[in-house]
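# Remarks on the overall topology
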Amino acid sequence: MSESEGVRSQEPPLIAVIGAAGLCGTYVLEAALRAPLLRVRAVVHGPAGRERVAALGVDDIVEADLEKPDTVRQALENADSVFMIPPAFHPEEDMLAIRALEAAEHAGARRFVYLSVLHPHTPGLRHHLRKANAEAAVRASRMDWTILQPSMFAQIVLSTWGRAPAGPVGVPFDVDNEFSFIDLRDLGEAGVKVLSEQGHGSATYELAGPALTLAEAVRFAGRARGVDLEARTVDWADAPLPPGVADSASRASDMRAMWHDYDRHGLRGNSNVLRMLLGREPTSFEEAATAFAARGRG
């Protein structure tokens, strides 16, 4: 063992979170900061992300461009574990994840946790299939790896449709279909658990919260704000796209394909694994909506 490796082994383990400034990343950071005997490094894309994670109390912040492998290698220097949150709907998401995996291996990290998606092999969803490609690379790694497959984030619904003015809310898929929602506080807690505990290597965990219809979820979101909201299905092919997606043909196509699939099938999973990891019942959507409204998150 070299002198630097000896010093490193005596320090609390360092967890590097790639994609730390995004919606999911901030919840993972908060959970990691609450965990005892962990050092946390936030890997962000630019100054805006740096400011966002600094406000959470993170001191170790590094900027990196996932399209530039050298910057990712530098960002992961001396990291013991890496939590990879890929950029949503990126047309090369699988390649970016593989580069991060290679950078973690080069940095000598021992653990790699990849945030995938529920049902990654769904044929009509290209952004899911890219995650499946990344999963294959992770499983081939010699590092101690874990893959997390979360269901739809409760906070996505709350920020996308739950903030609408009182009255009808247009949703671009069948609002009577069922979805399993995961509170990002639960995802952060589960993610830090598999990072910091022994026994989660070579595991692929489906993380799904309780299931309910989108109509019920929107109604709960409104109730948490003290307003009446009624979700109504609108044509997925004509619904407006969110900022950052509309100006990219590939992202727009992928999102509309997702809406189309949701319109036919919803997105349901099983809560048993999440319950096992948390050691309690997963947070309900109604509880997530109440907490979201109280904190003004988004």
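The present account deals with the structure reproduced in this document.

What counts, and where the lines are drawn
- Residues numbered from 1 in each chain as written.
- Predicted model: local features only at pLDDT ≥ 70, side-chain atom pairs only at ≥ 80, totals over all residues.
- Heavy atoms only, no water.
- Core = buried A, V, L, I, M, F, W, Y, C linked by side-chain atoms within 4.5 Å.
- Buried < 20%, exposed > 50% of the residue type's maximum accessible area, 1.4 Å probe, protein only.
- Contact = heavy atoms within 4.5 Å.
- Axes fitted to C-alpha atoms, helices over the stretch in contact; angles between N-to-C directions.
- Helix = DSSP H or I, 4+ residues; strand = E, 2+ residues; numbered from the N terminus.
- Parallel < 35°, antiparallel > 145°, perpendicular 65-115°, else oblique.
- Left-handed = near helix turned anticlockwise from the far one by under 90°.
- Nonpolar A, V, L, I, M, F, W, Y, C, P; charged D, E, K, R; others polar.
- Polar contact = N/O pair within 3.5 Å; in protein donor to acceptor, adjacent residues only side chain to side chain.
- Pairing = 2+ DSSP bridges.

### Looking at the nonpolar core
Membership of the largest hydrophobic core comes to 73 residues, with the highest contact counts inside it found for Phe 83, Leu 148, Phe 181, Leu 187, Leu 207, Leu 214 and Phe 285. The residues contacting Phe 181, other than those within four sequence positions of it, are Ser 151, Met 152, Ala 154, Val 157, Gly 209, Pro 210, Leu 212, Leu 214, Ala 217 and Phe 285. By size, the runner-up hydrophobic cluster in this structure holds 28 residues, among which are Ile 18, Leu 96, Ala 134 and Ala 137.

### Topic: the packing of helix α5 (residues 93-107) against helix α6 (residues 126-139)
Between α5 and α6, the shortest axis-to-axis distance is 8 Å and the interhelical angle comes to 25 degrees. When the interaxial angle is binned, α5 and α6 end up roughly parallel. Note on packing geometry: the crossing formed by α5 with α6 is right-handed. Counting all contacts with α5, which are made through Glu 93, Asp 94, Ala 97, Ile 98 and Leu 101, the residues of α6 involved are His 127, Arg 130, Lys 131, Asn 133, Ala 134, Ala 137 and Val 138. Its residues assigned to classes, the contact of α5 with α6 shows six nonpolar, two polar and four charged.

### Points about the side chain of Arg 41
Looking at the element boundaries, Arg 41 is found in strand β2 (residues 39-44). Separated by 2.7 Å, the side chain of Arg 41 and the backbone oxygen of Glu 77 make a polar contact. In this structure, Arg 41 is in contact with Leu 14, Ile 15, Ala 16, Val 17, Asp 60, Val 62, Ala 75, Leu 76 and Glu 77, ignoring residues within four places of it in sequence.

### Thoughts on the sheet that holds strand β9 (residues 178-182)
The three strands lie next to each other as β7-β9-β11, forming an open sheet whose pairing is mixed. Only two strands of the sheet have a single neighbouring strand rather than two, namely β7 (152-153) and β11 (211-213). Pairing between β9 and β11: three bridges, direction antiparallel. Pairing of Phe 179 across the sheet is with Leu 212, part of β11.

It is worth stressing that arrangement in space is one thing and function is another; only the former is reported here.
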